[in-house]
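# Reading the structure
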Amino acid sequence: MNRDELLMSECIKLALKGKGCVSPNPLVGSVVVKDDKIIGKGFHKKFGKAHAEVNAISDAEKNGYDVKDTSLYVNLEPCSHTGKTLPCADRIINKKISKVFIGMKDPFEEVNGKGIRKLKAAGIDVKTGILKSECEELNKFFIKYVTRKLPYVSLKIAQSIDGKIALNNFSSKWITGKESRKFVHQLRSEYDAVLIGKNTAHYDNPSLTVRDVRGRDPYRIVIDRNSELSQTLNVFKDSNNHKTYIVKDHSGKQSYANEILLNSENGKIKVPDILKELYKMNINSVLVEGGANLYSQFAGTDLFDEIYLFIAPKIIGTGISSFGDYSIRDLSGRNTLKINYTGQFAQDLLINYKNVYRNNTG
């Protein structure tokens with residue numbers, strides 16, 4: 001890496017500290033540099049609070065530095081509009097910072113190049129595109145949320161070697177080991193919501209919390225079209241039951257405290273309709289944790305962005321397949337899944353796939 005890339009890498013590391021706290025805002029980190037030395041660091045800590053650039057400038061000043069004629073690095077274009085905070089571009093200009101290095105342009109329509117133009121118009125030397133791919137990966141949730149107006153969707157599938165997620169009686173505890181489950185808890189803390197179907201809620205009775213790691217619990221979205229679930233299930237019992245929402249048919253009486261009412265079609269509530277409603281709730285990322293009927297509605301579409309596939313060293317034989325009744329007519333079609341990375345948790349194998357059905361990162 002060259003000097004600029006190393007400093008942008010530091011911005012990315014800082015930005016990651018905001019995971020699980022800033023949604024639906026982006027993850028942003030920033031550093032202020034003078035004479036090749038970082039004199040201030042900052043990141044966006046919480047939704048609605050000061051942005052990374054403001055925090056980095058304030059940190060430099062607290063350290064006794066004048067930020068005039070310094071360089072500022074930030075992984076996302078500084079905002080140019082007034083929202084919950086004042087424009088970062090204005091703060092940079094007012095502080096007479098002379099150079100700004102930006103990882104990627106902000107795709108949000110209220111910014112989208114306006115911050116860069118404002119900085120240049122003020123005579124600031126601006127350089128963009130530093131570690132652009134890494135910056136896009138960092139804010140994949142935000143990018144899809146503001147460009148497609150849908151949440152970023154990942155499928156989490158835990159299956160046996162022979163592709164089964166449960167026995168015929170729907171029992172699936174535990175296919176994978178403790179280490180894999182801890183990683184999933186970490187994922188939950190980073191996603192805004194977890195989505196499951198009725199059978200998963202009934203037979204597995206999951207809590208869908210982050211008990212094994214530090215972090216926030218996600219919203220729990222459960223599809224129960226005809227209001228058949230018992231409210232003694234774990235998703236209703238703990239202190240976070242206010243974050244449980246039931247997706248059901250719009251007809252009928254209210255059965256749950258929090259309901260998302262949608263139309264059914266051919267006995268199902270359509271996944272696109274669910275995702276549109278979650279977008280309206282400012283949910284910018286969803287982790288789908290089962291079951292087979294729900295996975296099958298995502299298969300072969302551009303509605304999901306990636307898959308976390310855990311393969312346990314078990315052979316189940318007759319059981320419930322990962323993608324239920326989904327099928328294709330032949331194998332000559334375009335493969336839309338590409339391996340992103342692989343990992344191992346004890347004896348479990350993890351394969352992370354990206355869905356390249358379309359360019360979901362804008």
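Residues numbered from 1 in each chain as written. Predicted model: local features only at pLDDT ≥ 70, side-chain atom pairs only at ≥ 80, totals over all residues. Heavy atoms only, no water.

## A few points about the sheet that holds strand 2 (residues 37–43)
Short version of the rule: Strands qualify as paired when DSSP identifies two bridges or more between them. Under the DSSP-based scheme used, a helix requires at least four consecutive residues in state H or I and a strand at least two consecutive residues in state E, with every element numbered from the N terminus. To get an axis, fit a line to the C-alpha atoms, keeping to the stretch in contact for a helix; angles then go from 0 to 180 degrees between the N-to-C directions.
Taken together, five strands build an open sheet; the order of strands is 2-1-3-4-5 and the sheet is mixed. Sheet topology places strand 2 and strand 5 (125–128) at the edges, where each strand pairs with a single neighbour. On average, each strand axis in the sheet is inclined to that of its neighbour by 15°, with strand direction left out of account. Two elements, strand 4 (residues 99–104) and strand 5, share four bridges in a ladder whose sense is parallel. Counterpart to Val-100 in the pairing with strand 5 is Val-126.

## Some points on helix 7 (residues 178–190)
Where we set the bar: In this scheme, a helix's expected span is set at 1.5 Å multiplied by one less than its residue total. Note on classification: 1.4 Å probe, protein chains only; a residue is buried when its accessible area is under 20% of the maximum for its type, exposed when over 50%, partly exposed between these limits.
The first and last C-alpha atoms of helix 7 sit 19 Å apart over 13 residues, in line with the 18 Å expected at 1.5 Å per residue. For helix 7, every residue scored as buried is listed here: Ser-180, Val-184, His-185, Leu-187, Arg-188, Ser-189 and Glu-190.

## Details of helix 6 (residues 140–147)
In terms of burial, helix 6 is largely enclosed, as seven of its eight residues are buried. Along helix 6, the positions that sit buried rather than exposed are Lys-140, Phe-141, Phe-142, Ile-143, Lys-144, Tyr-145 and Val-146. Where helix 6 terminates, the next one or two residues include Lys-149, which has phi positive at roughly 55°.

## A look at a positive patch on the surface
Short version of the rule: Two joining distances apply to patches: 9 Å for like charges and 5 Å for nonpolar side chains (Val, Leu, Ile, Met, Phe, Trp, Tyr), and every residue must have over 30% relative accessible area and no salt bridge. All accessible areas in this document rest on Shrake-Rupley with a 1.4 Å probe, and a residue is counted as covered only by the protein chains that are shown. Salt bridge, as applied in this entry: a Lys or Arg side-chain nitrogen positioned within 4 Å of an Asp or Glu carboxyl oxygen. Under the counting rule used here, the positive set is Lys and Arg, the negative set is Asp and Glu, and His together with the chain ends is not counted. The atoms used to mark charge sites are NZ of Lys, CZ of Arg, CG of Asp and CD of Glu.
A cluster of basic side chains, namely Lys-105, Lys-114, Arg-117 and Lys-132, defines a positive patch on the protein surface. A residue is classified by how much of its surface remains accessible, and Lys-105, at 46% relative accessible area, is partly exposed.

## Thoughts on the packing of aromatic side chains
Using the following cut-off: By convention, a stacked pair of Phe, Tyr or Trp rings (six-membered ring in the case of Trp) has centres within 6.5 Å and planes under 30 degrees apart, an edge-to-face pair has planes over 60 apart, and any other such pair is tilted. When the NZ atom of lysine or the CZ atom of arginine is within 6 Å of a ring's centre and also within 35 degrees of its normal, the charge is said to sit over that ring.
Per the counting criterion, the structure on display carries twelve aromatic pairs. For the ring pair Tyr-73 and Phe-101, a centre distance of 4.3 Å and an interplane angle of 5° mean the geometry is stacked. Taken together, the positions of Tyr-73 in strand 3 (residues 71–76) and Phe-101 in strand 4 put the pair 28 residues apart, joining distant regions of the chain. No difference in accessibility class separates Tyr-73 from Phe-101, as the two residues are buried. Taken together, the ring pairs in this structure connect Phe-183, Tyr-308, Phe-310 and Phe-345 into an aromatic cluster. Positioned over the ring face of Trp-174 is Arg-181, at 4.2 Å from the centre of the ring. Sitting above the plane of the Tyr-219 ring, Lys-243 keeps its charged end 5.0 Å from the centroid.

## Describing a nonpolar patch on the surface
On the surface, Tyr-326, Ile-328 and Leu-331 cluster together into a nonpolar patch covering about 360 Å² of accessible area. Tracing the backbone through its elements, the reader meets Ile-328 in the loop between strand 16 (320–321) and strand 17 (337–345).

## Considering the pattern of salt bridges
By the definition in use, this model includes 20 salt bridges. Among the salt bridges present, the one from Asp-36 reaches Arg-3, with a minimum N-O distance of 2.8 Å. Taken together, the residues span a long stretch of sequence, with Asp-36 in the loop between strand 1 (29–34) and strand 2 and Arg-3 in helix 1 (residues 3–15) at a distance of 33 residues. For Asp-36, a relative accessible area of 62% gives the class exposed. Between Glu-228 and Lys-198 there is a salt bridge; the shortest N-O distance is 2.5 Å. Separated by 30 residues along the polypeptide, Glu-228 in the loop between strand 9 (219–223) and helix 9 (234–237) and Lys-198 in helix 8 (residues 198–204) bring together distant segments of the chain. On the basis of relative accessible area, Glu-228 is assigned to the partly exposed category, the value being 49%. The exposure class of Lys-198 is partly exposed, given its relative accessible area of 29%. When salt bridges with common partners are traced through the structure, they connect Arg-3, Asp-4, Asp-36 and Lys-127 into a single cluster.

## Observations regarding the environment of Ile-165
We apply this condition: Note on definitions: a residue-residue contact is assigned when non-hydrogen atoms from the two residues lie within 4.5 Å.
You can see Ile-165 is positioned in strand 7 (residues 164–166). Taking the C-alpha atoms as reference, Ile-165 lies 34 Å from Val-146; in sequence the two are 19 residues apart. Apart from residues no more than four positions distant in its own chain, Ile-165 is found in contact with Ile-157, Ala-158, Gln-159, Ser-172, Ile-175, Gly-291, Ala-292, Tyr-295, Ile-320, Ser-321 and Ser-322.

## Quick word on the sheet that holds strand 17
Taken together, the nine strands give an open sheet; going across it, the order is 11-10-9-8-14-6-15-18-17, and neighbouring strands pair in mixed fashion. In the strand order of this sheet, the two ends are held by strand 11 (259–262) and strand 17, each with one partner. Averaged over neighbouring strand pairs, the angle between their axes works out to 20° when direction is ignored. Pairing of strand 6 (residues 152–160) with strand 14 (residues 285–288), which is carried by four bridges, proceeds in the parallel orientation. For Val-153, the partnering residue across the bridge sits in strand 14 and is Val-286. Of the strands in this sheet, strand 6, strand 14, strand 15 (306–312) and strand 18 (348–355) are in contact with helix 6, which crosses strand 6 at around 130°. Along the sheet, helix 7 makes contact with strand 6, strand 8 (193–196), strand 14, strand 15, strand 17 and strand 18, crossing strand 15 at roughly 165°.

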